[in-house]
Amino acid sequence: NTSDGALYLFRALELAVSWRDGVLYPRLAPHFAGGLGYPIFNYVAPLPRYLIGSLSLLGLEMQDALKAAVALAMVAGSLGVYRFAREFLSRPAAMIAGAAYALPPYRLFELYIQGDYPRVMAAAILPYCLLGISRLVARGRRRDFALMTAAVALLILTDSAGTMLSAPLLAAYAGWALLRAGRVRPTVLMVAALACAGSLSAFFWLPAWGERDYVQMWRLSKDLAEGGRHFLGLSDLLAFPQLLDFRAANPHFPMSLGGHLVLLAVPSLGLLGRGRRGGGHVWFMWAALLGYGAMMLPLSVPIWEWLPGYVVDTGSLLGLAALPLAVLVGAGVEVWGEDRRRSAWLGLSLLVIVLGAGPYLFPRKPFIDWSGARAEDVREFELAPGVLGTTGAGEYLPAGIGIEGRPPELPGTAEGIIASEIDTHHARFLVQAPRPGPFGLPLAYFPGWEATVNGAPMPLGMDPGTGLAQVDLLSSDRAEVELRYAGTTWQRRAWLLSLFGVALTWFSLTLVSPRRGLPVKVPMETDSRWLPAAALGLSVVFLGAKVLYLEPSTLVFRRVSPPGSVLETAHPMQVVFEGRAVLLGYDVERNLPPQGESLAVTLYWQPLGQLGQDYHSFARLTSKLDGGLLVASDHSAPGGIPSSRWHPSLYVEDRHVLSLPKDAPAIAYLLQVGLYDPVSGTSLPASAGEDGVGLQDIQVVYDHPLDMKRFPGDRWFRFGEEVRLLGFDLSRSDVRAGEGLDLTLFWRTERPVEARLKRFVHLVSPGGSIVAQWDEWPVGGLYPTDLWLPQHNIADQIHLTVPLSAEPGDYRLVVGLYDGVTLARPSVFDRRGTEVVERAVTLPMKLLVR
């Protein structure tokens with residue numbers, strides 16, 4: 001039921017097809033992107049699909065092989081943290097650290113909801129990288145060199161984004177360990193190990209980097225830029241586990257470190273400053289945890305703006321922060337010494353870890369059965385929005401392919417093709433062109449293809465209109481066109497560099513002593529031999545209770561909304577859209593979002609039957625006065641699930657994030673939502689017969705306090721009973737005729753204003769005549785007084801242009817309000833309550849016109 005799990009299943013199925021075709025390391029996936037010879041395998045890390053595919057060779061169905069690979073990764077990661085923590089912690093503390101690394105909230109989110117399995121596998125390798133660094137610096141043995149080399153190389157081959165984001169942690173830990181060692185030899189070994197790891201994995205990363213311009217990587221940055229960068233609040237980051245609603249098709253999962261784990265980590269502070277073993281590592285792990293935590297908060301925006309946009313990934317950062325947090329949870333056990341207090345804290349920690357994971361250990365059923373899936377089925381799977389070529393943005397499409405949203409027609413339908421046969425890295429076509437000249441083939445052009453026509457070599461080019469491969473035919477007779485993928489210069493260089501890496505690693509291992517250095521002594525315990533058996537026993541008891549009692553018999557750790565409703569939504573409702581779907585309610589993150597920040601809106605949709613087609617959902621903020629659009633969010637697959645796949649008994653959580661412009665007028669807007677047909681562009685009418693439905697007002701506020709220029713002597717003026725003019729700001733007081741200047745009026749009301757009043761500004765000549773005037777609703781004509789938010793200051797900026805006919809002299813600016821219908825002006829009073837006869841305010845500043 002995960003969002004992305006099937007994507008990796010299809011990649012493994014395609015790899016198995018490549019093996020059957022005799023290609024052990026394919027660069028292209030012939031069935032993906034509508035069968036265009038899609039070069040995805042040249043760019044995505046290979047280890048996950050090779051691990052899954054290798055397990056399938058043992059006789060497992062591919063989906064079972066995928067599950068086995070993920071399960072092995074979970075166990076390996078937990079054991080990796082245990083082995084790393086044993087370098088400086090006791091056995092009980094290290095065991096708790098391993099348990100904490102296996103069951104943080106985000107890891108379970110990846111397992112059961114997101115399904116980004118390469119990220120889970122990379123998390124399993126990361127602790128071995130730290131372990132290799134630690135042992136290589138402390139001992140410098142041959143096995144330590146091999147461990148670090150292998151771990152770093154495998155990390156590179158597992159998850160590119162995860163490798164980039166974990167690089168600061170590994171570099172900082174290596175630098176810290178080397179500084180503590182204070183010796184030259186570990187530094188040399190470290191550099192050599194990194195060189196070996198980089199060269200061994202070069203067959204993947206070197207072409208992916210060197211050939212990045214051959215595909216549409218720009219789509220990834222564009223997708224993130226349009227979607228905005230999603231940061232967490234501190235309360236989100238430290239949130240405690242919460243129950244998931246089993247009535248939801250995609251229950252909202254809190255993105256959190258896990259407040260319960262953070263509390264278990266707090267006692268580790270007791271190891272600081274005491275000279276106790278492990279204190280240095282505790283210092284480092286707290287720094288790493290706080291560093292990754294800060295990068296998920298809005299305060300890190302300047303750093304992310306400096307970094308390339310495509311590395312922004314809050315989810316990966318949560319997964320990386322889980323490692324130092326797990327170590328700190330284990331270190332919290334160490335504080336209590338070796339008496340009964342430690343045993344009590346040990347049991348409490350294990351209980352909290354398991355109970356904290358409880359709400360996330362019940363994936364929604366029934367599961368989707370992919371046991372009969374074939375690689376060819378990816379074509380039908382790609383028809384769902386957002387999975388073109390099994391990626392969300394289509395970033396690995398060859399650069400010349402101009403596809404937006406959906407894959408192209410399947411191969412074999414091109415005019416003039418009589419028969420076709422397409423395999424991995426090989427294609428054969430029997431063609432009869434209508435005329436001699438360039439002939440298009442239903443394969444994406446990508447460097448490395450070589451063509452022959454009737455056995456004779458022929459240059460292969462690209463159709464500039466479609467991005468497909470084309471070959472020149474000398475006649476219109478039948479011809480056999482054969483294509484073979486021979487690879488590119490970058491790919492050949494990469495294989496040579498990897499072969500060099502094998503030699504370099506072998507040579508380096510021969511120079512490293514197998515026994516140099518002594519094992520670092522870790523305090524041993526005489527009373528902890530029972531721990532492995534106890535852990536195994538507790539696991540059996542827990543799994544038995546879960547399978548036999550909790551899951552089938554109770555709602556412990558779970559909740560289920562009543563049919564046709566959503567528990568705990570702040571705004572329940574029943575709005576039917578053309579008898580097809582109902583909006584059960586919505587939640588808004590905040591009603592007063594500041595300029596330049598984001599507004600999160602969660603909609604709860606439920607189909608009234610099988611929809612049979614895909615609708616888009618939208619959320620937008622529009623002006624309450626004229627309906628003008630400020631910002632909008634559009635989802636082709638609401639809640640990450642195409643509406644054609646919505647189940648009538650489940651509701652879908654559809655979370656929209658509206659990123660407000662920094663210069664958005666600070667006024668009241670209407671939040672509107674709805675569904676529409678992307679083909680016709682028509683919206684589904686709501687119960688009231690309107691396209692979409694208005695949910696509530698959203699007041700955008702200023703992102704900084706207003707610097708108001710008050711009247712002399714702290715004066716202000718009151719218009720009617722509610723509105724106050726607090727001050728003004730004039731950009732310049734000396735202008736020439738025909739020039740412009742800006743006037744800002746600062747208004748405020750303490751309670752709602754019933755009358756809809758317009759604002760006017762008169763430019764009055766020295767003789768008392770009005771030479772120019774500016775009348776409109778306040779704030780650029782968008783914010784009548786009856787929409788004003790009480791107890792908030794309002795900056796009303798007006799651009800004034802002095803008429804060319806204005807004579808030189810000292811002019812005055814007169815400001816006032818009047819009813820837009822009756823034209824009547826409200827009474828005006830100064831601060832002392834004295835009524836202003838003119839029912840307008842003459843600003844106490846002369847405007848010199850030259």
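Remember, predicted model here, so these are calculated numbers, not experimental data.

Time to look at the overall build of the chain. Broken down by element type, the chain carries 21 helices and 30 strands. Projected onto its principal axes, the C-alpha positions of the chain cover 100 × 90 × 60 Å. A buried classification covers 53% of the 850 residues belonging to the chain. Taking as baseline every contact in the chain between residues at least 6 positions apart, the subset at least 24 positions apart corresponds to 73%. Entry remark: accessible area of the chain is about 37800 Å², with carbon and sulfur atoms responsible for 58%. Within the chain, one finds 73 positive and 77 negative side-chain charges whose respective centroids are separated by 12 Å.

This next bit is on the pairing of strand β26 (residues 809-819). With 9 of its 11 residues buried, β26 lies for the most part within the structure. Bridge count for β26 against strand β30 (residues 847-849) is 3 bridges, and the pairing is antiparallel. In the sheet register, G809 faces β30, and the bridge partner there is V849. Pairing of β26 with strand β29 (residues 841-842), which is carried by 2 bridges, proceeds in the antiparallel orientation. By the bridge assignment for β29, V815 is matched with V841.

Each strand in a sheet pairs with another by means of backbone hydrogen bonds, the pair being arranged parallel or else antiparallel. The 5 strands are arranged β2-β3-β9-β5-β6 in an open sheet whose pairing can be described as antiparallel. Single-partner strands in this sheet number two, and they are β2 (417-423) and β6 (456-458). For this sheet, the mean inter-axis angle between neighbouring strands, taken without regard to orientation, is 20°. As paired elements, β2 and strand β3 (residues 426-431) share 6 bridges and run antiparallel to each other. Considered in β3, the bridge of D423 is made with H426.

Looking now at empty space enclosed by the protein. Applying the stated criterion across every chain yields a total of 4 cavities of 30 Å³ or more. Considering only enclosed or pocket space, the largest cavity measures out at about 150 Å³ in volume. Together, 16 residues line the largest cavity, and R119, A122, A123, G319 and L320 are the ones closest to its centre. When contributions to the lining of the largest cavity are tallied by element, the ones reaching two or more residues are α5 (105-114), α6 (117-138), α8 (160-181) and α16 (314-334). With 5 residues, α6 is the largest single contributor of residues to the lining of the largest cavity.

Where helix α3 (residues 62-85) contacts helix α4 (residues 91-102), the two axes come as close as 8 Å, and the packing angle between them is 150°. In terms of crossing hand, the pair formed by α3 and α4 is right-handed. Along the contact surface, α3 presents M74, G77, S78, V81, Y82 and A85, while α4 presents R91, A94, M95, A97, G98, A99, Y101 and A102. When its residues are assigned to classes, the contact of α3 with α4 shows 10 nonpolar, 3 polar and 1 charged.

Once that is clear, we can look at the nonpolar core. The biggest cluster of nonpolar side chains holds 160 residues, and the ones touching the most others in it are V329, V481 and L483. The element best represented in this core is α6, accounting for 14 residues. Excluding its chain neighbours within four sequence positions, the residues that come into contact with V481 are A427, R428, F429, V431, L441, T452, V453, V471 and L473.

In this fold, L13 is placed in helix α1 (residues 5-20). Looking at L13, the relative accessible area reads 11%, which means it is buried. When neighbours within four sequence positions are excluded, L13 is seen to be in contact with M62, A373, R374 and A375.

With respect to the secondary-structure elements, M295 resides in helix α14 (residues 279-295). With relative accessibility at 18%, the residue M295 sits in the buried group. For M295 and F231, which are 64 residues apart along the polypeptide, the C-alpha to C-alpha distance reads 8.5 Å. Ignoring sequence-local partners within four residues, the contact set of M295 consists of F231, S300, I303, W304 and L317.

What follows concerns the side chain of T163. Locating T163 in the fold gives a position in helix α8. On the basis of relative accessible area, T163 is assigned to the buried category, the value being 18%. Ignoring sequence-local partners within four residues, the contact set of T163 consists of L155 and I156.

All right, on to a nonpolar patch on the surface then. A surface patch of nonpolar side chains, amounting to about 370 Å² of accessible area, comprises F240, L263, V266 and L269. Look at F240 and you get partly exposed, because its relative accessible area is 47%.

Its location among the elements puts S56 in helix α2 (residues 47-56). Residue classification places S56 among the buried positions, given a relative accessible area of 16%. Looking at S56, its side chain comes within polar contact range of the main-chain oxygen of G53, at 2.5 Å.

A separate point is the environment of L670. Take L670: it is sitting in strand β17 (residues 668-676). Each C-alpha atom, one on L670 and one on L170, is 48 Å from the other, the two residues being 500 residues apart in sequence. Beyond its immediate chain neighbours, meaning those up to four positions away, L670 contacts R620, L621, T622, K624, G694, L695, Q696 and D697.

The rules behind each value
- Residues numbered from 1 in each chain as written.
- Predicted model: local features only at pLDDT ≥ 70, side-chain atom pairs only at ≥ 80, totals over all residues.
- Heavy atoms only, no water.
- Helix = DSSP H or I, 4+ residues; strand = E, 2+ residues; numbered from the N terminus.
- Buried < 20%, exposed > 50% of the residue type's maximum accessible area, 1.4 Å probe, protein only.
- Contact = heavy atoms within 4.5 Å.
- Areas by Shrake-Rupley, 256 points an atom, 1.4 Å probe, with all protein chains shown as cover.
- Lys, Arg positive; Asp, Glu negative; His and termini not counted.
- Charge placed at Lys NZ, Arg CZ, Asp CG, Glu CD.
- Pairing = 2+ DSSP bridges.
- Axes fitted to C-alpha atoms, helices over the stretch in contact; angles between N-to-C directions.
- 1 Å grid on protein atoms, 1.4 Å probe; cavity = no way out; pocket = protein on both sides within 12 Å on 5 of 7 lines; lining within 4 Å.
- Points joined across faces, edges and corners; volume = space filled by probe spheres on them.
- Left-handed = near helix turned anticlockwise from the far one by under 90°.
- Nonpolar A, V, L, I, M, F, W, Y, C, P; charged D, E, K, R; others polar.
- Core = buried A, V, L, I, M, F, W, Y, C linked by side-chain atoms within 4.5 Å.
- Patch = residues over 30% accessible without salt bridge, like charges linked within 9 Å, V, L, I, M, F, W, Y side chains within 5 Å.
- Salt bridge = Lys/Arg side-chain N within 4 Å of Asp/Glu carboxyl O.
- Polar contact = N/O pair within 3.5 Å; in protein donor to acceptor, adjacent residues only side chain to side chain.

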